[in-house]
Each structure stands twice: as C-alpha cells, then as structure tokens.
Amino acid sequence: MAAYKEFSYYYDSLMDPDFYSDYLEFIHEHADLKTVLELGCGTGLTAIELAKEGHQVLATDLSEDMVKLAKERVESDDEGLTFVTGDMLALTETNRYDAVTCYSDSLCYMKDQDSVIKVFKGVYESLKNQGTFIFDVHSTYQMAVGFSEYSYHYQTDEFAFLWESYPGDFYHSVEHFLTFFVPDGQGKFERFDEL
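Residues numbered from 1 in each chain as written. Predicted model: local features only at pLDDT ≥ 70, side-chain atom pairs only at ≥ 80, totals over all residues. Heavy atoms only, no water.

Visitor: So what about helix H2 (residues 17–30)? Which residues, and what values?
Guide: Among all positions in H2, only Tyr20, Tyr23, Leu24 and Ile27 are buried. One side of H2 carries all its buried residues, which in axial view fall inside an arc of 100°. (Buried < 20%, exposed > 50% of the residue type's maximum accessible area, 1.4 Å probe, protein only. Helix = DSSP H or I, 4+ residues; strand = E, 2+ residues; numbered from the N terminus. Arc of directions from axis to C-beta.)

Dropping the structure here:
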C-alpha cells in the first residue's frame, strides 16, 4: 500500500473544501461520536473538528508526512486528539470506539480482497457494541470508466500538478501517476513523481 510523500504537502490545495464539512455532517447524522478512530486521516482536518466538538479522537495515517502536517495544524494541547502513523491493516484496539471512520476512498488502497477483509475485521474488533463504521469507496463504474485514461492538470504560482490514471494489473484496479513541479528556492522547479 502506498503512503503519500510529496503529495501530502499539496493535498489540501487540491481537495474541495466543502468535502470536509459535508463529511462531518454525514458522520453526525449516522454515528454516536464520543470516541472516534479515524483511519487514513490525511492532514487531520476532520479529526481536529471532531476534537473541537469535544470528542475523543485517535487519527491514524500510513503516511508519516500526512501525520506530521496534521500535528502541525493542532492549535492547542487538546488531550482528546491524538495523531499517530499507523496501518489500518494492523489495528489492535478492541471494543474501544463508538465510531470508526475511513473516508476519501482510503479503503481503495488495499491491494486485494483479503486486505479489505482484514481491515473490516480489525474495525469490527475496534468498535464498541453497537458501534458504527463509516467509510466510502469508489464504485466499480468509477474504477472502470471514470479513471480510464483519466487526466487532470492543476497549476498555481506555487506549484504544478499532473494526475494521470490508467487501469491497473488487476480487475477493477487503477494506478494513479502523480507528478509535481515545486519551487526549489533558487528560481527553478523540482519534479517529484508518486505512483
């Protein structure tokens, strides 16, 4: 499973800002939120908002860079919020959380069905009785049609971003090839690629 590196630092610039408020609204409608485990927390925007509301939140991401950015975003010593680098395939908590969340299609990064089942089992063990698991995934239509030969380019004065998608090696899989051009501090741009 891939962990974002350079992409972490530009992730929020490329996301629709309404996404986070829409997702929070959905969570509030469908889950009891006293204790929350967030898988694939990214740069921490949702976790921070949940903690500000008074919930106990443990937010994890496989990307050390994402977790670093999330920790930098915290404005106060909130004892109810913890960010850790962690793999959703290695959940060890049992009967601890009222809700587990996993958004932005993070489950789609699992390499096969066995990995998805392992995550679901770990989530089940992590939830309290009557707990709720909220997640989203791409549809098979999106994988087969939406991402087929998909191309997106984004440019600001700060950086340029190229996103190319193409079918992966397995049925209903896709590979995203990301290219960034970022200032090197000396008047030139440096290129970074992530797959």
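Visitor: Run through the pairing of strand S6 (residues 151–155), naming residues and quoting values.
Guide: Put simply, side chains in a regular strand alternate between the two faces of the sheet. In the sheet, S6 pairs with strand S7 (residues 160–167) via five bridges, with the strands oriented antiparallel. Bridging across to S7, Gln155 finds its partner in Ala160. Between S6 and S7, which pair antiparallel and follow one another directly, the connecting turn spans four residues. (Pairing = 2+ DSSP bridges.)

Visitor: Break down the nonpolar core for me, with residues and values.
Guide: Judged by nonpolar contacts, the single largest core of 21 residues is most densely connected at Leu33, Ala47, Leu50, Val57, Ala59, Leu81 and Phe83. Those elements that place two or more of their residues in this core are H2, helix H3 (45–52), strand S2 (56–61), helix H4 (64–73) and strand S3 (81–85). Non-local contacts of Val57, meaning those with residues more than four positions away in its chain, are made with Val36, Ala47, Leu50, Ala51, Gly80, Leu81 and Thr82. Among the nonpolar cores identified, the runner-up in size contains 13 residues, and Met88, Tyr97, Leu107 and Val119 belong to it. (Core = buried A, V, L, I, M, F, W, Y, C linked by side-chain atoms within 4.5 Å. Contact = heavy atoms within 4.5 Å.)

Visitor: Could you give an account of the sheet that holds strand S9 (residues 189–194), with specific residues and numbers?
Guide: Two pairing modes exist for strands in a sheet, parallel and antiparallel, and in both the strands are linked by backbone hydrogen bonds. Judged by pairing direction, the sheet is antiparallel, and its four strands sit side by side in the order S6-S7-S8-S9 without closing on themselves. The open sheet has two free edges, formed respectively by S6 and S9, since each of these has just one partner strand. Across the sheet, the mean angle separating the axes of adjacent strands is 10° when strand polarity is ignored. In this sheet, S9 lies alongside strand S8 (residues 174–183) in antiparallel orientation, the contact comprising six bridges. Its bridge partner lying in S9, Val182 is registered against Glu190. (Axes fitted to C-alpha atoms, helices over the stretch in contact; angles between N-to-C directions.)

Visitor: Explain the packing of H2 against H3 residue by residue, including any values.
Guide: Each pair of packed helices can be summarised by the angle the axes make with each other and by the distance between the axes. For the pair H2 and H3, the least separation of the axes is 10 Å and the interaxial angle reads 50°. In terms of orientation, H2 and H3 fall into the oblique class. In this structure, the crossing between H2 and H3 has a hand that is right-handed. Contacts between H2 and H3 involve Tyr20, Leu24, Ile27 and His28 on the former and, on the latter, Leu45, Thr46, Glu49 and Leu50. Broken down by class, the residue content of the contact of H2 with H3 amounts to five nonpolar, two polar and one charged. (Parallel < 35°, antiparallel > 145°, perpendicular 65-115°, else oblique. Left-handed = near helix turned anticlockwise from the far one by under 90°. Nonpolar A, V, L, I, M, F, W, Y, C, P; charged D, E, K, R; others polar.)

Visitor: Would you mind going over a negative patch on the surface in detail, with residue names and values included?
Guide: Where like charges cluster on the molecular surface, the negative patch consists of Asp18, Asp22, Glu25 and Glu29. Relative to the assigned elements, Asp18 resides in helix H2. (Patch = residues over 30% accessible without salt bridge, like charges linked within 9 Å, V, L, I, M, F, W, Y side chains within 5 Å. Areas by Shrake-Rupley, 256 points an atom, 1.4 Å probe, with all protein chains shown as cover. Salt bridge = Lys/Arg side-chain N within 4 Å of Asp/Glu carboxyl O. Lys, Arg positive; Asp, Glu negative; His and termini not counted. Charge placed at Lys NZ, Arg CZ, Asp CG, Glu CD.)

Visitor: Run through the pattern of salt bridges, naming residues and quoting values.
Guide: A complete count under the given rule lists five salt bridges for this structure. For Glu49, the salt bridge goes to Lys52, with nearest N and O atoms at 3.7 Å. Remark: Lys52 and Glu49 occur in helix H3; sequence separation between them is three residues, near one turn of the helix. We note a salt bridge from Asp193 to Arg191, for which the minimum N-O separation is 3.1 Å. The partly exposed category is assigned to Asp193, whose relative accessible area is 39%.

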